[in-house]
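Each chain, written out:
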Amino acid sequence: MAEETPVEELSAEEAAAELARLAAEIARADRAYHLEDAPEISDAEYDRLKRRNAEIEARFPDLKRADSPGERVGARPSETFAKVRHAVRMLSLENAFERAEVAEFDARIRRYLNLGAEAPLNFTAEPKIDGLSLSIRYEGGRLVQAATRGDGAEGEDVTRNVRTIGEIPGRLEGAPDILEVRGEVYMGHDDFAALNARQEAAGAKRFANPRNAAAGSLRQLDPEVTRARPLRFFAYGWGALSAPLGDTQMAALERLGALGFPVNPLTRLCDGLDEMLAHYAQIEQQRATLGYDIDGVVYKVNDLGLQERLGYRSTTPRWALAHKFPAELAWTLLEAIDIQVGRTGALSPVARLTPVTVGGVVVSNATLHNEDYIAGRDSKGDPIRGGKDIRVGDWVQVYRAGDVIPKVADVDLSRRPDDATPYEFPKTCPACGSDAIREEGDSVRRCTGGLICPAQAIEKLKHFVSRGAFDIEGLGAKQVEQFYLLSWIREPADIFTLRDRDAAGEKALLEPDEVLDRLEGEESGEARARLAAALGLETFERDSVAERFAERSRTPLARHLGWGEKSAANLFEAIDERRSIPLERLIFALGIRHVGETAAQLLARHYGTWENFIAAMEPAAAEEGSAWNDLLSIDGVGPVLARSLVKSLTQPAERASVDRLAACLTVEEAEPPATSDSPVAGKTVVFTGTLEKMTRAEAKARAESLGAKVSGSVSPKTDLLVAGPGAGSKAKKAAELGVETIDEDGWLKLIGAG
Ligand code: 5U1
């Protein structure tokens with residue numbers, strides 16, 4: 001974008017040209033945002049264009065165009081929602097598809113609580129609404145805040161919109177002083193059909209299904225738009241509370257009902273597995289006539305005291321299960337098989353399908369997992385689908401189960417074209433040409449290109465900026481890819497040097513020709529199309545791209561990207577906000593195979609500081625000795641994870657890249673466990689002998705949730721031995737080492753549960 005002339009200095013001729021340019025640019029941005037769901041410019045930049053348009057129109061009213069962007073409705077939001085940190089984390093649910101998994105859920109809970117198979121254990125069972133989760137906070141009976149689930153820890157503030165939903169009370173009589181009600185916002189089938197008819201009549205985008213319509217309606221910046229949308233609500237739970245709602249799940253739901261919240265009328269109390277499964281069957285039978293979408297049945301332990309004892313895993317409670325309905329199926333044509341390269345180099349085959357509707361959603365891609373799956377074998381070499389392979393040109397059956405990526409279930413051999421040939425899985429990486437090898441025991445073929453592979457680099461960057469990692473506002477997956485293609489960012493450290501390079505008037509990192517050579521090697525053409533679009537060109541033609549690229553490469557970042565200066569300044573600010581980062585986020589952001597958020601947290605808590613963590617890698621590389629043993633001593637870190645971690649962080653090029661990144665950051669020390677004020681936080685505890693009031697699993701989980709480390713053996717590092725009847729050698733050893741020893745009652749008293 002050329003330097004803009006201030007509005008006051010524009011001649012009439014220039015103003016007319018500028019209004020035409022703005023109309024085209026805004027229309028294009030609207031198209032990308034509304035129709036393609038793929039915004040090309042930031043909200044701030046969009047606002048700036050619209051403001052400039054309005055200013056010029058105000059100065060030259062006669063030049064106002066028939067297609068003036070100021071007259072168009074359905075413009076995109078002008079700002080984003082504020083973030084809200086949930087006082088109590090919003091959890092998700094463990095899923096089950098088979099009856100056996102529900103039986104195992106019941107059995108697992110009995111084992112955990114040490115209940116016999118015949119002991120009474122009641123569950124509530126209610127439909128799982130296919131909408132979006134909401135948390136609504138009341139203080140002194142008044143609705144003060146409403147937030148979406150977001151990542152469970154932090155959601156979006158949708159208070160103003162939620163106030164417009166008729167089924168959600170604004171005031172409560174006789175409620176606890178603090179009450180957070182949780183439930184599902186949804187849209188009924190009739191309302192959805194009527195809304196889509198209105199959308200169509202207004203020339204606006206149709207929604208794919210009621211859930212998308214509900215989400216789109218709730219996330220409106222103008223609450224009046226939300227008010228006009230027929231949103232509904234069912235309460236199913238709660239977050240923060242100043243007083244309990246009841247002793248059981250059922251009583252608490254009844255209380256919520258009495259306070260004025262809709263509670264699903266198909267909620268039942270079930271006495272054991274048979275009743276749960278019978279109620280599931282009944283709800284499934286009624287599914288088509290309910291008038292709203294449900295995708296399963298949720299079971300919850302009814303006794304809230306037992307719920308508390310069962311507690312949580314990292315993101316799901318042990319006391320609840322979502323029993324999903326079977327996936328919906330559809331047949332369609334497999335047009336092509338593309339290979340995507342992931343951040344760890346995994347080559348993943350993707351089926352490109354003739355679009356088909358499956359359960360209300362149009363599906364045009366599905367995963368094919370790996371080369372064995374295509375060939376009709378499982379990981380052990382045994383036949384799947386009766387040994388039928390999958391070929392381009394086949395009719396395939398696709399299904400969606402829950403939110404997961406669609407999958408290919410079956411092939412219709414009777415419709416296979418005569419000339420269809422077995423699919424040959426590539427032995428080289430389609431992105432960089434390096435060998436793609438399959439290690440013994442691995443079902444996946446991987447690119448060996450490492451840092452030289454652009455696909456891996458882009459995927460690593462996308463992971464780096466993702467929500468659980470650096471989560472930089474304005475730098476999402478699409479933007480990092482654009483920055484990579486325009487060669488401003490090649491590795492994570494480059495994000496943090498952007499501002500300086502821009503200020504120094506530096507060019508992008510690669511010469512234009514280098515970028516073009518790389519892109520011409522791309523198979524799918526998608527990346528090429530995106531680069532052309534990023535440069536404001538219609539198509540990818542080497543000469544025009546090279547010319548535009550060279551011309552823009554000589555200018556600072558904002559102009560290279562076609563952004564306003566303000567957008568670039570906002571981005572730099574957002575990047576600066578992340579220069580200080582918690583250790584666990586940094587470890588997770590590195591995108592090392594097998595190191596997810598939970599593992600990153602365990603590692604961070606164990607090593608405490610970045611310096612300790614990184615210094616432990618080299619000595620552990622021999623896979624023996626104290627550094628290696630120390631790594632394996634972390635509960636939750638096994639040899640596969642440890643090997644992957646150490647291998648990645650001792651590989652010279654990768655390590656150099658990580659060091660360059662760390663040099664740009666202030667890494668915050670790992671937070672002590674959330675419950676540092678508990679009397680056992682940070683203590684190493686050993687349980688021995690028979691525990692009578694809880695099972696070993698419960699004791700361990702409870703101790704860990706209070707910040708203790710539970711070990712299986714007594715050593716000089718042990719702080720406390722909890723010994724039940726029959727304690728033997730461990731109690732003796734503890735006595736020899738002078739380790740404090742208490743019984744089960746003493747332990748329960750210590751943790752405030754006695
Ligand atoms: N019906 C129902 N849906 N649903 C969703 N109950 C329910 N409970 C949930 C979720 C996420 O979470 C519990 C952990 C409260």
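Just so it is clear, the structure is predicted and the values come from calculations on it, not from any experiment. (Residues numbered from 1 in each chain as written. Predicted model: local features only at pLDDT ≥ 70, side-chain atom pairs only at ≥ 80, totals over all residues. Heavy atoms only, no water.)

## With respect to the overall build of the chain
Now for step 1: Check the secondary structure of the chain and you find 29 helices and 24 strands.
Now for step 2: A compact globule built from 754 residues should have a C-alpha radius of gyration of about 27 Å, and the chain, at 29 Å, falls within 12% of that.
Now for step 3: For the chain, the C-alpha atoms occupy an extent of roughly 95 × 65 × 65 Å along the three principal directions.
Now for step 4: Counting across all 754 residues of the chain, residues that qualify as buried make up 45%.
Now for step 5: Partitioning the contacts of the chain with sequence separation of at least 6, the portion at a separation of at least 24 is 66%.
Now for step 6: About 35,800 Å² of surface is accessible on the chain, with carbon and sulfur atoms providing 49% of the total.
Now for step 7: Side-chain charges in the chain split into 95 positive and 122 negative, and the spacing between the mean points of these groups amounts to 2 Å. (Helix = DSSP H or I, 4+ residues; strand = E, 2+ residues; numbered from the N terminus. Rg over C-alpha atoms; globule rule 2.2 N^0.38 Å. Buried < 20%, exposed > 50% of the residue type's maximum accessible area, 1.4 Å probe, protein only. Contact = heavy atoms within 4.5 Å. Areas by Shrake-Rupley, 256 points an atom, 1.4 Å probe, with all protein chains shown as cover. Lys, Arg positive; Asp, Glu negative; His and termini not counted. Charge placed at Lys NZ, Arg CZ, Asp CG, Glu CD.)

## Notes on the side chain of Asn 264
Now for step 1: Tracing the chain through its elements places Asn 264 in the loop between helix H8 (249-259) and strand E9 (268-271).
Now for step 2: Within the local environment of Asn 264, its side chain forms a polar contact with the side chain of Tyr 292, the two groups lying 3.0 Å apart.
Now for step 3: What Asn 264 contacts, discounting residues up to four positions off in sequence, is Pro 127, Ile 129, Phe 234 and Tyr 292. (Polar contact = N/O pair within 3.5 Å; in protein donor to acceptor, adjacent residues only side chain to side chain.)

## Some remarks on the pattern of salt bridges
Oppositely charged side chains can form a pair if their charged atoms are brought close together.
Now for step 1: A full pass over the atoms with the stated rule returns 38 salt bridges.
Now for step 2: Two residues, Asp 372 and Arg 438, come together in a salt bridge whose shortest N-O distance is 2.7 Å. In this pair, Asp 372 is assigned in helix H11 (residues 371-375) and Arg 438 in the loop between strand E17 (436-437) and strand E18 (446-447), connecting sequence segments 66 residues apart.
Now for step 3: Judged by relative accessible area, which is 6%, Asp 372 ranks as buried. (Salt bridge = Lys/Arg side-chain N within 4 Å of Asp/Glu carboxyl O.)

## Section: the site of the ligand
Now for step 1: Around the ligand sit Leu 91, Leu 93, Glu 126, Pro 127, Tyr 236, Val 298, Lys 300 and Pro 317, and those are all the residues in its vicinity.
Now for step 2: Between Glu 126 and the ligand, the recorded distance is 3.3 Å, taken from a side-chain N or O atom to a nitrogen atom.
Now for step 3: Lys 300 places a polar side-chain atom, nitrogen or oxygen, 3.0 Å from a nitrogen atom of the ligand.
Now for step 4: The set of elements that each furnish at least two residues to the shell around the ligand consists of strand E3 (122-129) and strand E10 (294-301).
Now for step 5: For the shell around the ligand, a count of residues per class yields 6 nonpolar, no polar and 2 charged. (Near = heavy atom within 4 Å. Nonpolar A, V, L, I, M, F, W, Y, C, P; charged D, E, K, R; others polar.)

## Concerning the domain arrangement of the chain
Now for step 1: Looking at the chain, the domain boundaries give domain 1 (1-64 + 329-464), domain 2 (83-314), domain 3 (472-577), domain 4 (580-668) and domain 5 (684-750).
Now for step 2: Its C-alpha centre places domain 3 at a distance of 57 Å from the equivalent point of domain 5. (Domains from an automatic or database assignment.)

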